[in-house]
Amino acid sequence: MNTMNLFSLKNKVVLITGGAGLYGRCIFDALLGAGGTVICASRNLENIQKVIEGFRSKGFNPHAKYVDQSDHESIVKLKDEIRQEFGGLDVFVNNSVARPMRRYEDPLDTWKESMSVNATGMFDIVREMADLIDQKGGGSIVNIGSMQGMFGPDFSLYENTDMDSAPDYHFHKGGMISLTKYLARKFGPKNIRVNCISPGGLYVDQDEKFLEKYNKKVPLGRMAGDDDIKGVVVFLASQASSYITGENILMDGGLHA
Ligand SMILES: NC(=O)c1ccc[n+]([C@@H]2O[C@H](COP(=O)([O-])OP(=O)(O)OC[C@H]3O[C@@H](n4cnc5c(N)ncnc54)[C@H](O)[C@@H]3O)[C@@H](O)[C@H]2O)c1
């Protein structure tokens, strides 16, 4: 096959969760740019409609669906709607994350709330969507993790700022890498590849004190920009990575090299 065609998502039905978020929007853009029929499932349909209008003005035609990842019935409803309207799924980008816990000291309830979306809900949705991919004879699942699932926090970066590193986030993103390997083995025989991307922080106008310290530590000298994740996610979603499964790609500008 022609090399560039291997990266194409043309005629592929692609689902992304949380596509109105910071990295979510960049990934959503990448999947559309690669030619996919892209469905974004979100808890906040009003928000996602605004994002979709922006994409429509660029000539894309994405679809929006409701899902609350902490609610099994809502996930099953999303699955039924996709099956009826699109006949199944080729690609699932498992991107949503809830961040109720901000600091180590936060109440235990924030940890519990996080579990319901980022652990129980994350497994629930990936299991249901894998069924839809299986119905089409195979495809790709891309889990969006974080470098914080691979390494402990560098607390010195947050000194003299109101920023911090939440422990639940490290727990869930680390678990996501292990689950990726489990699912890769489980679904390999069904021709479903499962991989993970562990990105570093996206630049969104963070505190200057943090930025100065962070950028000095990164060999590439900066936080990730909006385009940095696009090639990686399209690579893993498409036939371009057809012999890769169970992999986790660290995308941190060299911070942990
Ligand atoms: N932003 C970063 O610097 C960064 C760095 C590394 C990894 N990541 C990862 O990238 C992915 C996207 O991050 P982001 O920056 O777009 O995050 P974000 O917080 O901006 O967006 C998260 C999205 O998840 C959705 N969501 C939350 N709870 C939900 C629920 N119950 N049901 C359905 N959707 C729900 C939110 O509505 C939102 O659209 C996440 O998995 C995150 O861990 C982000």
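Parameters and conventions
- Residues numbered from 1 in each chain as written.
- Predicted model: local features only at pLDDT ≥ 70, side-chain atom pairs only at ≥ 80, totals over all residues.
- Heavy atoms only, no water.
- Helix = DSSP H or I, 4+ residues; strand = E, 2+ residues; numbered from the N terminus.
- Buried < 20%, exposed > 50% of the residue type's maximum accessible area, 1.4 Å probe, protein only.
- Near = heavy atom within 4 Å.
- Polar contact = N/O pair within 3.5 Å; in protein donor to acceptor, adjacent residues only side chain to side chain.
- Areas by Shrake-Rupley, 256 points an atom, 1.4 Å probe, with all protein chains shown as cover.
- Phe/Tyr/Trp six-rings, centres within 6.5 Å; stacked < 30°, edge-to-face > 60°.
- Pairing = 2+ DSSP bridges.
- Axes fitted to C-alpha atoms, helices over the stretch in contact; angles between N-to-C directions.
- Contact = heavy atoms within 4.5 Å.
- Salt bridge = Lys/Arg side-chain N within 4 Å of Asp/Glu carboxyl O.
- Right-handed = clockwise from strand over helix to strand, strands pointing away.
- Expected span 1.5 Å × (residues − 1).
- Arc of directions from axis to C-beta.

Caption draft 1: Looking closely at unusual backbone geometry. Positive phi, close to 65°, is recorded for N11, a residue that is not glycine. Topologically, N11 is positioned in the loop between helix 1 (3-6) and strand 1 (13-17). A residue is classified by how much of its surface remains accessible, and N11, at 67% relative accessible area, is exposed. The backbone phi angle of N160 is positive, close to 60°, even though this residue is not glycine. Assignment of secondary structure puts N160 in the loop between strand 5 (139-144) and helix 6 (167-187).

Caption draft 2: Spatial organisation of the site of the ligand. Taken together, 25 residues sit near the ligand, with L22, Q69, N95, Y169 and K173 positioned nearest. L22 has a polar backbone atom sitting 2.8 Å from an oxygen atom of the ligand. Between the ligand and Y169, the relevant distance is 2.5 Å, taken from an oxygen atom to a side-chain nitrogen or oxygen of the residue. In the complex, the protein chains occlude 88% of the 840 Å² of accessible area that the ligand would expose alone.

Caption draft 3: Structural view of the packing of aromatic side chains. Summed over the entire model, instances satisfying the criterion amount to 5 aromatic pairs. Between F7 and F235, the aromatic rings sit 6.4 Å apart at their centres with planes inclined by 35°, giving tilted as the arrangement. With F7 in the loop between helix 1 and strand 1 and F235 in helix 8 (residues 230-237), this pair connects stretches of sequence that are 228 residues apart. Among the residues examined, F235 registers a relative accessible area of 23% and is labelled partly exposed.

Caption draft 4: The arrangement of the sheet that holds strand 5 in detail. Spatially, 7 strands are ordered 3-2-1-4-5-6-7 in an open sheet, and the strand pairing comes out parallel. The sheet is open, and its two borders are formed by strand 3 (63-66) and strand 7 (248-251), each paired with just one other strand. Geometrically, the sheet is characterised by an average inter-axis angle of 20° between neighbouring strands, direction not taken into account. The pairing of strand 1 with strand 4 (residues 91-94) spans 3 bridges and is parallel. Each residue of the ladder has a partner; that of V14, found in strand 4, is V91. Against the sheet, helix 2 (residues 22-33) engages strand 1, strand 2 (37-42), strand 4, strand 5, strand 6 (192-199) and strand 7, with an angle of about 175° to strand 1. Docked against the sheet, helix 3 (residues 45-56) engages strand 2 and strand 3, running at close to 170° with respect to strand 3.

Caption draft 5: Fine view of the pattern of salt bridges. The full count for this structure, using the stated rule, is 15 salt bridges. For D29, the salt bridge goes to K230, with nearest N and O atoms at 3.0 Å. Of this pair, D29 sits in helix 2 while K230 sits in helix 8; the two residues are 201 residues apart in sequence, bridging distant segments of the chain. For E212, the salt bridge identified is with K216, shortest N-O distance 3.9 Å. One end of the pair is E212 and the other is K216, both in helix 7 (residues 208-217) and 4 residues apart, which spans about a single turn. Here the salt bridges do not stand alone but share partners, grouping D29, K58, D227 and K230 into one network.

Caption draft 6: Just the pairing of strand 1, in detail. Counting buried residues in strand 1 gives 5 out of 5 residues, a clear majority hidden from the surface. The alternating pattern of strand 1 places V13, L15 and T17 on one face and V14 and I16 on the opposite face, and all of these are buried. Here strand 1 runs beside strand 2; their pairing, made up of 5 bridges, is parallel. Note on strand 2: the bridge partner recorded for T17 is A41. With helix 2 bridging strand 1 and the parallel strand 2, this β-α-β connection has right-handed handedness.

Caption draft 7: Summary view of helix 4 (residues 72-86). Helix length check: helix 4, at 15 residues, gives a terminal C-alpha distance of 21 Å against a target of 21 Å (1.5 Å per residue), a fit within 8%. All of the buried residues along helix 4 are S74, I75, L78, K79, I82 and F86. Buried residues along helix 4 cover an arc of 145° about the axis, so they all sit on one side. Exposed residues lying more than 90 degrees from the buried face of helix 4 are E73, K77 and Q84. On its buried face, helix 4 is in contact with strand 1, strand 2, strand 3 and helix 5 (108-135). Of the residues flanking the start of helix 4, the one acting as N-cap is D71, its side-chain oxygen 3.1 Å from the backbone nitrogen of E73. Once helix 4 ends, the next one or two residues include G87, with phi positive near 75°.

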